[in-house]
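# Observations on chain architecture
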2 protein chains.
Amino acid sequence: MSGSRVERPLARGRGIPEATVARLPLYHRSLVALRERGVTTVSSEELAAAAGVNSAKLRKDLSHLGSYGTRGVGYDVDYLVYQVARELGLTQDWPVVIVGVGNLGHALANYDGFTSRGFRVAALVDNDEALAGELVNGLPVHPLAELEQLIAEHHVSIAVVAAPAQVAQDLCDRLVAAGITSVLNFAPVPLQVPEGVDVRKVDLASELQILAFHEQRKQMSSLTPRTEAAG
Amino acid sequence: MSGSRVERPLARGRGIPEATVARLPLYHRSLVALRERGVTTVSSEELAAAAGVNSAKLRKDLSHLGSYGTRGVGYDVDYLVYQVARELGLTQDWPVVIVGVGNLGHALANYDGFTSRGFRVAALVDNDEALAGELVNGLPVHPLAELEQLIAEHHVSIAVVAAPAQVAQDLCDRLVAAGITSVLNFAPVPLQVPEGVDVRKVDLASELQILAFHEQRKQMSSLTPRTEAAG
DNA sequence: ACGACTTTGTGCGTTCGTTCACAAGGGCTT
DNA sequence: AAGCCCTTGTGAACGAACGCACAAAGTCGT
């Protein structure tokens, strides 16, 4: 292991495929888990197995970040953790505002996975005045009227929408107007946003429906096992 | 609108692309919303706008289910809602078991989106004996020991894993052994399952990390706006 | 110092998904 | 009944992603 490594200017090619980006968090988590087990070096085969992906795909994904492996040896875990974290932007602090403190918002505010990975819940906001001032995980719930001020004060650019579907689009417009440029949407509606704003949606019901689709297929094929038969 | 329609034997071609399946819940929801607004007929263009997708993609997706539109007119909303629901398996009852009744499990047990779409929380299970018997959304929390019995009794084939990462794989093995064939996994670990079992994962932290990645890119490009310049 | 061995990084063929653009087909008006 | 207009359904071009298989490149043993 040579001591000094070249520090690349983040994403050499300027364009990392979206599919790769979506897997980087997975690699990061797998690497951290390996490090905690005391592993210092890992091959693409091992890491791929830990992450549950094809090893060639893993190597190609990592190659988009740079040549961080050593042929014949593998990857240095510490070093790779850092590089992936840096590429993902986990080395900086990301204040996040959660809008909607119902059941889901509550759960999100308490979720360790957010706080433990560079994200910090900067503020909780809810439309329900009755909730105002209540503490959730040590943080007070703010009335909706303070939304813009909180975003500006805490320099928030990422918002989590955990509000009902009916108000989600209006809320989103307000968030964008207040300077939010990334939205994680839990409301089951497709949010319209202007160019330059990113939206990712987490749709719990959809996921179950997709499972139900395949489940139905399994049941069908087990009831008619001779569909392909033929003479 | 002709009165009698041909009832296809579900998925004419036998194989619907996975990408299409993943969008069917979205179309279903958009259609239901249109129906509630009193819309009886919708064009691919309109429905695509409501769902936030390209209209050609929508038409191709729907064509995989069958020819349910009328050229020059569009799609009958009621009829299409039914066809999509049938294809997704929403016309049948899907009992679901939720394993892990922490913050997230609590929120899921209370989530309307599940129950309102053919899914029924048949049982709640948690490892923590202190929770046993407690009512969540009117349902008692069962001790982990009763897991297999509950799955058998209620004919459950879909499980939701909302347990900590450390126990997720063991839990999953147990679920599969008990007859579960579809798993919705909220634990941040890639679950290993045998052939024939489907797993979908919802990874809250990953979604934020993906947003952070793009957010970082935005910041970088706004700081160095002349990257592409050249002489 | 050298060769055998290991593992990375990647060129290439294949598969999957998206989008364009238009022919086919149904309804509506005259 | 005939033609116009509208929208579907799809062929075909394009592009993104995957995975094989191998050359390049480094390590380790002798």
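Please read these numbers as outputs of a predicted model, since none were measured by experiment.

What counts, and at which threshold
Residues numbered from 1 in each chain as written. Chains lettered and ligands numbered in written order. Predicted model: local features only at pLDDT ≥ 70, side-chain atom pairs only at ≥ 80, totals over all residues. Heavy atoms only, no water. Helix = DSSP H or I, 4+ residues; strand = E, 2+ residues; numbered from the N terminus. Buried < 20%, exposed > 50% of the residue type's maximum accessible area, 1.4 Å probe, protein only. Contact = heavy atoms within 4.5 Å. Near = heavy atom within 4 Å. Polar contact = N/O pair within 3.5 Å; in protein donor to acceptor, adjacent residues only side chain to side chain. Nonpolar A, V, L, I, M, F, W, Y, C, P; charged D, E, K, R; others polar. 1 Å grid on protein atoms, 1.4 Å probe; cavity = no way out; pocket = protein on both sides within 12 Å on 5 of 7 lines; lining within 4 Å. Points joined across faces, edges and corners; volume = space filled by probe spheres on them. Least-squares fit on C-alpha atoms with pLDDT ≥ 70 in both.

Turning next to the side chain of aspartate 203 of chain A. Residue position: aspartate 203 of chain A is located in the loop between strand S10 (198–201) and helix H9 (204–223). We classify aspartate 203 of chain A as buried; its relative accessible area is 8%. In contact with aspartate 203 of chain A, not counting residues within four places along its chain, are Pro188 of chain A together with Arg29 of chain B.

Next up on the list: the protein's contact with DNA strand D. As a matter of local geometry, DNA strand D sits amid 27 residues, with Lys60 and Arg71 of chain A together with Ser44, Arg59 and Tyr75 of chain B nearest to it. Each atom of DNA strand D within 4 Å of the protein was classed as base or backbone; sugar and phosphate made up 64%. Between DNA strand D and lysine 57 of chain A, the relevant distance is 3.5 Å, taken from a phosphate oxygen to a side-chain nitrogen or oxygen of the residue. Between DNA strand D and arginine 59 of chain B, the relevant distance is 2.8 Å, taken from a base nitrogen to a side-chain nitrogen or oxygen of the residue. When contributions to the surface near DNA strand D are tallied by element, the ones reaching two or more residues are helix H1 (18–36) and helix H3 (55–63) of chain A together with helix H3 (55–63), strand S2 (69–70) and strand S3 (74–76) of chain B. Per-element tally for the surface near DNA strand D: the top contributor is H3 of chain A, with 4 residues. Of the residues assigned to the surface near DNA strand D, the class counts are 7 nonpolar, 10 polar and 10 charged.

All right, on to empty space enclosed by the protein then. By rolling a water-sized probe across the atoms, one finds the places where empty space is left. For the coordinates displayed, the defined rule picks out 1 cavity of 30 Å³ or more. In this structure, the largest cavity occupies an estimated 40 Å³ of space. Around the largest cavity, the lining residues are Leu26 and Arg29 of chain A together with Ala187, Pro188, Val189, Pro190, Lys201 and Asp203 of chain B. Here the lining of the largest cavity is built from residues that sort into 5 nonpolar, no polar and 3 charged.

Moving on, we get to the relation of the copies chain A and chain B. Note: a rotation about an axis with an accompanying shift along it relates these two copies of the chain. Rotating chain A by 180° and moving it 0.0 Å along the rotation axis overlays it on chain B with an RMSD of 0.0 Å. Both copies are brought into coincidence by an operation consistent with a two-fold rotation axis. Most of the interface of chain A is mirrored in chain B, where 100% of its interface residues are also at the interface.

Before going further, it helps to spend a moment on the layout of surface pockets. Counted as a void, the largest pocket has a volume near 1,600 Å³. Sorting the residues of the lining of the largest pocket by element identifies H1, S10 and H9 of chain A together with helix H1 (18–36), strand S10 (198–201) and helix H9 (204–223) of chain B as the ones contributing at least two each.

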